[in-house]
Amino acid sequence: MDYFLDEEQQMIVDLAQQIAVEKILPVRAELDEKEEFPTEVIKAMAQADMFGLFVPEEYGGLGKGSFELCLAIEELSKKCLGISTSYAANALGTFPILLFGTKEQKETYLPDIAAGKRLVAFGLTEANAGSDAAGVQTTAVKDGDGYILNGTKQWITNGGEAEIYTIIAMTDRSRGPRGASAFIVEKGADGFTFGKKEKKMGIRASTTCELVFNDCRVTKESLISKEGMGFIVAMKTLDQARVGVGAQGVGVAQGAFEEALEFSRNRVQFGKSIINFQAIQHMLSDMAIQIEAARSLVYSVARFVDSGAKDITRPSAIAKTFATDIGMKVTTDAVQIMGGSGYMREYPVEKMMRDAKILQIYEGTNQIQRNVIGQSLIRPSVKGK
Ligand code: COS
């Protein structure tokens, strides 16, 4: 399919593809095996200006949008979802500053983020606040001209590696979602430490850990937007980011499809390549149909996001849900086509299948997405048409 990319968009695809093939492919299995953060790949991406893609030019970025970010994420995801997760989570952590930050906050943080000098992480999730995002128990208590943070964030992608953290904490618990506020906290702040590093089923080249706040003092300049706006900051951040998770689904599905296609051309059984069997052809055809449908949807929604449309909640949830369900389906079918070989670590599809599972879970499970879509159908004026 031709998606009529312009010259710059094609350059972004080519560049991301080059990094994926030259820098990611040779190390992905080892990083997965050792559960190691891709420091060298991140450096290569920084040198290639990939962290500046979605940052406005006035803050040192390339001034591109969600669509270009999705193109880059898709290419990286074809080769390693763990590494693309580190990259995409950096954007997730940056969106609160980009969407709601003051001029000073943008001037302080965005140039380093765009240069890839400082990674970012988004801290919403807690032990008792997963799908129920308003259940955050971390507190931020006003103290003089600052705030004191206490609490523990869980399962934070880029935790420990990132230098900048955008954190949701309760400034007034009695107000429920309206009592949450968003803050920027820097690595090294007094009272801010890292807890246990998680051992995961997949995306093992990305790091996931706890953030522990123990009387951590931040200045009032660290507050993003206003007190009480934290839940909206988090929801709008997720609305912005979810189409990128859809792009991860498209990428990992495409990667697995290419492996299965190549394998089925070469694998001979009953005297012929297995691609000649209709059972295999139909599976490959379904994979091709599903990937193209998911890609078309993700690209359309990313362009819609870039159009400046006010309400992107429902389309983002639709793109995330559809494309990540496809990511899971296609990677599972790739393992099936490759049979015993597909199940072995010698081939990359078992990793792709393990990796793909998280896409249906993080940034809001696909069940929560269906709730969000359902709510928008009940209250069209509030959550989109
Ligand atoms: N954009 C703007 N405002 C939004 C919004 C959005 N996408 N979603 C909700 N709001 C607003 C609502 O309109 C409501 O405003 P009012 O108080 O003025 O009525 C307020 O926020 C509370 O919304 P709601 O009542 O829908 O909140 P719930 O506690 O029921 O939670 C869901 C809603 C389930 C959608 C939310 O908790 C969620 O997204 N959960 C998943 C979180 C997630 O993705 N976690 C993954 C970890 S982060 S990587």
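Cut-off values and rules
- Residues numbered from 1 in each chain as written.
- Predicted model: local features only at pLDDT ≥ 70, side-chain atom pairs only at ≥ 80, totals over all residues.
- Heavy atoms only, no water.
- Helix = DSSP H or I, 4+ residues; strand = E, 2+ residues; numbered from the N terminus.
- Buried < 20%, exposed > 50% of the residue type's maximum accessible area, 1.4 Å probe, protein only.
- Contact = heavy atoms within 4.5 Å.
- Lys, Arg positive; Asp, Glu negative; His and termini not counted.
- Charge placed at Lys NZ, Arg CZ, Asp CG, Glu CD.
- Near = heavy atom within 4 Å.
- Polar contact = N/O pair within 3.5 Å; in protein donor to acceptor, adjacent residues only side chain to side chain.
- Areas by Shrake-Rupley, 256 points an atom, 1.4 Å probe, with all protein chains shown as cover.
- Nonpolar A, V, L, I, M, F, W, Y, C, P; charged D, E, K, R; others polar.
- Domains from an automatic or database assignment.
- Buried area = accessible area lost by both parts, 1.4 Å probe.
- Salt bridge = Lys/Arg side-chain N within 4 Å of Asp/Glu carboxyl O.
- Phe/Tyr/Trp six-rings, centres within 6.5 Å; stacked < 30°, edge-to-face > 60°.
- Lys NZ or Arg CZ within 6 Å of the ring centre and 35° of its normal.
- Core = buried A, V, L, I, M, F, W, Y, C linked by side-chain atoms within 4.5 Å.
- Axes fitted to C-alpha atoms, helices over the stretch in contact; angles between N-to-C directions.
- Left-handed = near helix turned anticlockwise from the far one by under 90°.
- Pairing = 2+ DSSP bridges.

1. So, the overall build of the protein chain
- Broken down by element type, the protein chain carries 12 helices and 10 strands.
- Taking all 385 residues of the protein chain together, 55% fall into the buried category.
- If you take every contact in the protein chain between residues at least 6 apart in sequence, the share linking residues at least 24 apart comes to 74%.
- Separation between the mean location of the 44 positive side-chain charges and that of the 49 negative ones in the protein chain comes to 5 Å.

2. Some words on the site of the ligand
- In the vicinity of the ligand there are 20 residues, among which S131, R178, D239, R242 and G364 approach most closely.
- Between the ligand and the protein, one listed contact pairs an oxygen atom with a side-chain N or O atom of R178 at 2.5 Å.
- Here the ligand, which alone exposes 1,000 Å², has 71% of that area covered by the protein.
- Ranked by residues supplied to the shell around the ligand, first place goes to helix 7 (residues 230-266) with seven residues.
- Class assignment for the residues of the shell around the ligand results in nine nonpolar, five polar and six charged.
- In terms of domain composition, the shell around the ligand takes at least three residues from each of domain 2 (120-228) and domain 3 (231-382).

3. Structural notes on the environment of T166
- Within the secondary structure layout, T166 lies in strand 4 (residues 164-170).
- Taking the C-alpha atoms as reference points, T166 and K310, 144 residues apart in sequence, are found 23 Å from one another.
- In contact with T166, other than residues within four places in its own chain, are G93, P96, I97, A121, F122, G123, F183, I184 and I224.
- Of the polar contacts made by the side chain of T166, one reaches the backbone oxygen of G93; its length is 2.9 Å.

4. Remarks on the domain arrangement of the protein chain
- The domain boundaries assigned to the protein chain delineate domain 1 (7-114), domain 2 (120-228) and domain 3 (231-382).
- Between domain 2 and domain 3, the residue contacts involve 15 residues of the former and 14 residues of the latter.
- Here domain 2 meets domain 3 over a buried area of about 1,200 Å², counting both sides, of which 74% is carbon and sulfur.
- In terms of surface lost to domain 3, no three residues of domain 2 exceed F122, M201 and I203, which account for 37% of the buried area on that side.
- For the pair domain 2 and domain 3, the interface holds zero salt bridges.
- Between domain 2 and domain 3 we count two residue pairs in polar contact (both at pLDDT 80 or more) in total.
- Of the residues belonging to the side of domain 2 that touches domain 3, the class tally is 10 nonpolar, three polar and two charged.

5. Some thoughts on the packing of aromatic side chains
- Applying the stated criterion to the full structure yields 11 aromatic pairs.
- When the centroid spacing of 5.2 Å and the interplanar angle of 85° are considered together, the rings of F67 and Y299 count as edge-to-face. You can see F67 sitting in helix 4 (residues 66-79) and its partner Y299 sitting in helix 8 (residues 278-306), a full 232 residues away along the chain. Here F67 matches Y299 in class, with each residue buried.
- Members of the aromatic cluster, each reached through a chain of ring pairs, are Y165, F192, F194 and F213.
- The cationic tip of R303 hangs over the ring face of F67; the distance from NZ or CZ to the ring centre is 4.1 Å.

6. A short note on the nonpolar core
- In this structure, M45, Y87, L149, V185 and V298 are the most contacted members of the largest nonpolar core, which totals 115 residues.
- With 15 residues, helix 7 is the single largest residue contributor to this core.

7. Some points on the packing of helix 9 (residues 313-343) against helix 11 (residues 366-378)
- Between helix 9 and helix 11, the shortest axis-to-axis distance is 9 Å and the interhelical angle comes to 145°. With respect to the hand of their crossing, helix 9 and helix 11 are arranged in left-handed fashion. Between helix 9 and helix 11, the contacting residues are T313, R314, A317, I318, K320, T321, T324 and D325 on the first element and N366, Q369, R370, V372, I373, S376 and L377 on the second.
- Residue composition of the contact of helix 9 with helix 11, grouped by class: five nonpolar, six polar and four charged.

8. Notes on the pattern of salt bridges
- Evaluated as defined, the whole model comprises 24 salt bridges.
- E350 is the salt-bridge partner of R345, the closest N and O atoms lying 3.9 Å from each other.
- Residue E350 is classed as buried on the basis of its relative accessible area, which comes to 12%.
- Here the salt bridges share partners, and the residues they tie into one network are D32, E33, E35, K199, R204, R345, E350 and R354.

9. Some details on unusual backbone geometry
- At D49, a position not held by glycine, the phi torsion is positive, near 65°.
- Structurally, the position occupied by D49 is in the loop between helix 3 (39-47) and helix 4.
- Within the chain, W155 stands out as a residue other than glycine whose phi angle is a positive 60°.
- Relative to the assigned elements, W155 resides in strand 3 (residues 146-157).

10. Considering the environment of I274
- Within the secondary structure, I274 sits in the loop between strand 10 (272-273) and helix 8.
- In sequence terms I274 and I337 are 63 residues apart; their C-alpha atoms lie 9.0 Å from each other.

11. Remarks on the pairing of strand 3
- Sheet analysis places strand 2 (residues 139-143) next to strand 3, joined by five bridges and oriented antiparallel. Bridge pairing in strand 3 places K142 opposite Y147.
- Taking the residues that link successive antiparallel strands as the turn, the strand 2-strand 3 hairpin has two residues, and the phi of G144 there is positive, at about 60°.
- For strand 3 and strand 7 (residues 208-219), the ladder comprises nine bridges, and the chain directions are antiparallel. Pairing of I156 across the sheet is with C209, part of strand 7.

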